[in-house]
Amino acid sequence: MLEQFPLNPILPAQDGVRARAFYRDVLGLELLSGPDDDPMMFRAGSGTSIVITELPSRVPPPYPMVSFLVTRIEEVVGELGARGAEFEPLLADGTFAGVPGVRAGAIMDFGAVKSTWLRDSEGNLLVLNEVVG
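All values reported here derive from a predicted model rather than from experimental measurement.

K.L.:
It is not clear to me how helix H1 (residues 16–26) should be interpreted in this structure. Could you clarify?
P.N.:
Helical geometry note: an α-helix holds 3.6 residues per turn, so side chains three or four residues apart project in the same direction. By the burial criterion, the buried members of H1 are Gly-16, Ala-19, Arg-20, Phe-22, Tyr-23 and Val-26. Phi turns positive one or two residues past the end of H1, at Gly-28, with a value near 75°.

This is the structure we're talking about:
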């Protein structure tokens, strides 16, 4: 039934103004809602979106809530880094489908998938994945 509908994750923000600036200016997502709306909606690829809402008392979980499926992950990481994104060295000893990762800068190469992690301005953990094999 729901396979016909797009989905959009909803993430908490302690500071809506700061979150709006991060998703718009650092991640480069288009703001679909009004400039001062809460919740705020941003357009992502392939008709998807992400919603951010101000919830000052909400603490983000320690695991990723959103995964962006990207191509040319090295270029994406370079561009986001130039925009101010800071990547986290997570899963230093991690595996994916039983394959140990090999770190190359901010990117972990698991063979079939390359991944990197970053936190948004509100502490939400985001992951970028490139399926390569």
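K.L.:
What exactly am I supposed to notice about the packing of aromatic side chains here?
P.N.:
The description of an aromatic ring pair uses the distance of the two centres, along with the angle that the planes make with each other. The full count for this structure, using the stated rule, is 3 aromatic pairs. Here Phe-96 and Phe-110 contribute two aromatic rings whose centre-to-centre distance is 6.0 Å and whose plane-to-plane angle is 45°, an arrangement assigned as tilted. Taken as a pair, Phe-96 in strand S7 (residues 95–96) and Phe-110 in the loop between strand S10 (107–109) and strand S11 (113–119) lie far apart in primary sequence, 14 residues in all. Judged by its relative accessible area of 3%, Phe-110 falls in the buried class. Cluster of aromatic residues (ring-pair linked, three or more members): Phe-22, Tyr-23 and Phe-42.

K.L.:
Hey, could you run me through the pairing of strand S4 (residues 49–54) in this one?
P.N.:
Along any regular strand the residues' side chains alternate between the sheet's two faces. With 5 of 6 residues buried, S4 is to be regarded as a mostly interior element. Here strand S1 (residues 10–13) pairs with S4 via 4 bridges, running parallel. The residue of S4 that forms the bridge with Leu-11 is Ile-52. Bridge analysis of strand S3 (residues 40–43) against S4 gives 4 bridges, and the strand direction is antiparallel. Looking across to S4, one finds that Arg-43 is bridged to Ser-49.

K.L.:
Quick question: what am I supposed to make of the side chain of Asn-129 here?
P.N.:
Relative to the elements of secondary structure, Asn-129 occurs in strand S12 (residues 125–131). At a separation of 2.5 Å, a polar atom in the side chain of Asn-129 contacts the side chain of Ser-115. For Asn-129, the contacting residues outside a window of four places in its chain are Ser-67, Phe-68, Leu-69, Val-70, Val-113, Lys-114 and Ser-115.

K.L.:
For this particular structure, what's the right way to read the side chain of Glu-130?
P.N.:
Here Glu-130 is to be found in strand S12. No salt bridge forms around the buried Glu-130; measuring N to O, its nearest opposite-charge neighbour Lys-114 is 5.1 Å away. In this structure the side chain of Glu-130 is engaged in a polar contact, spanning 3.1 Å, whose partner is the backbone nitrogen of Arg-72. Polar side-chain contacts of Glu-130 include one of 3.1 Å to the backbone nitrogen of Ile-73. Glu-130 has contacts with Val-70, Thr-71, Arg-72, Ile-73, Glu-74, Ala-112, Val-113 and Lys-114, leaving out every residue within four places of it along the chain.

K.L.:
Any chance you could explain the sheet that holds S3 here in plain terms?
P.N.:
Hydrogen bonds between backbone atoms are what pair the strands of a sheet, whose relative direction is either parallel or antiparallel. With mixed pairing, 4 strands are arranged side by side in an open sheet as S1-S4-S3-S2. Edge positions in the sheet fall to S1 and strand S2 (30–31), since each has one partner strand and no second. In terms of strand pairing, S2 meets S3 through 2 bridges, oriented antiparallel. Within S3, the position partnered with Leu-31 by the bridge is Phe-42.

So, how was this worked out
Residues numbered from 1 in each chain as written. Predicted model: local features only at pLDDT ≥ 70, side-chain atom pairs only at ≥ 80, totals over all residues. Heavy atoms only, no water. Buried < 20%, exposed > 50% of the residue type's maximum accessible area, 1.4 Å probe, protein only. Helix = DSSP H or I, 4+ residues; strand = E, 2+ residues; numbered from the N terminus. Phe/Tyr/Trp six-rings, centres within 6.5 Å; stacked < 30°, edge-to-face > 60°. Pairing = 2+ DSSP bridges. Polar contact = N/O pair within 3.5 Å; in protein donor to acceptor, adjacent residues only side chain to side chain. Contact = heavy atoms within 4.5 Å. Lys, Arg positive; Asp, Glu negative; His and termini not counted. Salt bridge = Lys/Arg side-chain N within 4 Å of Asp/Glu carboxyl O.

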